[in-house]
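# Analysis of the macromolecular model
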Amino acid sequence: MIIVRDRKTYKKYIVLGTGLGAYKAVRPSFFGGNLFPHEEEGTVKTIAICDSKGDIFWFESNYLQVIEVDGIKISEIDLGE
């Protein structure tokens, strides 16, 4: 089990899984119409988490911090650094 903490509120959650969303939006530009459309694209890295009530939320990964893995605090795990 992986426990994460919201970087702003410090509330703890259990990690259920991860996801990656990609998007691309195209719309006609004001002057060029469909000849020179406005394009926007990107990715969204998300994590499915739940709280102590079992309610499920999706968070962007950069808003969370891992604090515990399988009952071991992340600071106690030797990563060889």
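Look a little higher up for the structure.
First, a word on what this report is: a plain description of the structure on this page. All figures in this text were calculated on a predicted structure; none of them were measured in a lab. (Residues numbered from 1 in each chain as written. Predicted model: local features only at pLDDT ≥ 70, side-chain atom pairs only at ≥ 80, totals over all residues. Heavy atoms only, no water.)

## A look at the packing of aromatic side chains
Inspection of the entire model under this criterion finds two aromatic pairs. When the centroid spacing of 5.5 Å and the interplanar angle of 45 degrees are considered together, the rings of Tyr13 and Phe59 count as tilted. You can see Tyr13 sitting in strand 2 (residues 12-29) and its partner Phe59 sitting in strand 4 (residues 56-60), a full 46 residues away along the chain. According to the relative accessible area criterion, Tyr13 is buried, its value standing at 8%. Classification of Phe59 as buried rests on a relative accessible area of 17%. (Phe/Tyr/Trp six-rings, centres within 6.5 Å; stacked < 30°, edge-to-face > 60°. Helix = DSSP H or I, 4+ residues; strand = E, 2+ residues; numbered from the N terminus. Buried < 20%, exposed > 50% of the residue type's maximum accessible area, 1.4 Å probe, protein only.)

## Some thoughts on the pairing of strand 4
Of the strand pairs in this sheet, strand 3 (residues 33-50) and strand 4 are connected by five bridges, and their pairing is antiparallel. Opposite Ile47, over in strand 4, you have Phe59 as the bridge partner. Joining the antiparallel neighbours strand 3 and strand 4 is a turn of five residues, in which Gly54 adopts a positive phi near 90 degrees. (Pairing = 2+ DSSP bridges.)

## Some details on the side chain of Asp51
With respect to the helices, strands and loops of the structure, Asp51 is situated in the loop between strand 3 and strand 4. In this structure Asp51 is buried but unpaired, with Lys11 as the nearest side chain of opposite charge at 4.4 Å. Side-chain polar atoms of Asp51 contact the backbone nitrogen of Lys53, separated by 3.0 Å. In this structure the side chain of Asp51 is engaged in a polar contact, spanning 3.0 Å, whose partner is the backbone nitrogen of Asp55. Residues contacting Asp51, with those up to four places away along its chain left out, are Lys11, Tyr13 and Phe57. (Lys, Arg positive; Asp, Glu negative; His and termini not counted. Salt bridge = Lys/Arg side-chain N within 4 Å of Asp/Glu carboxyl O. Polar contact = N/O pair within 3.5 Å; in protein donor to acceptor, adjacent residues only side chain to side chain. Contact = heavy atoms within 4.5 Å.)

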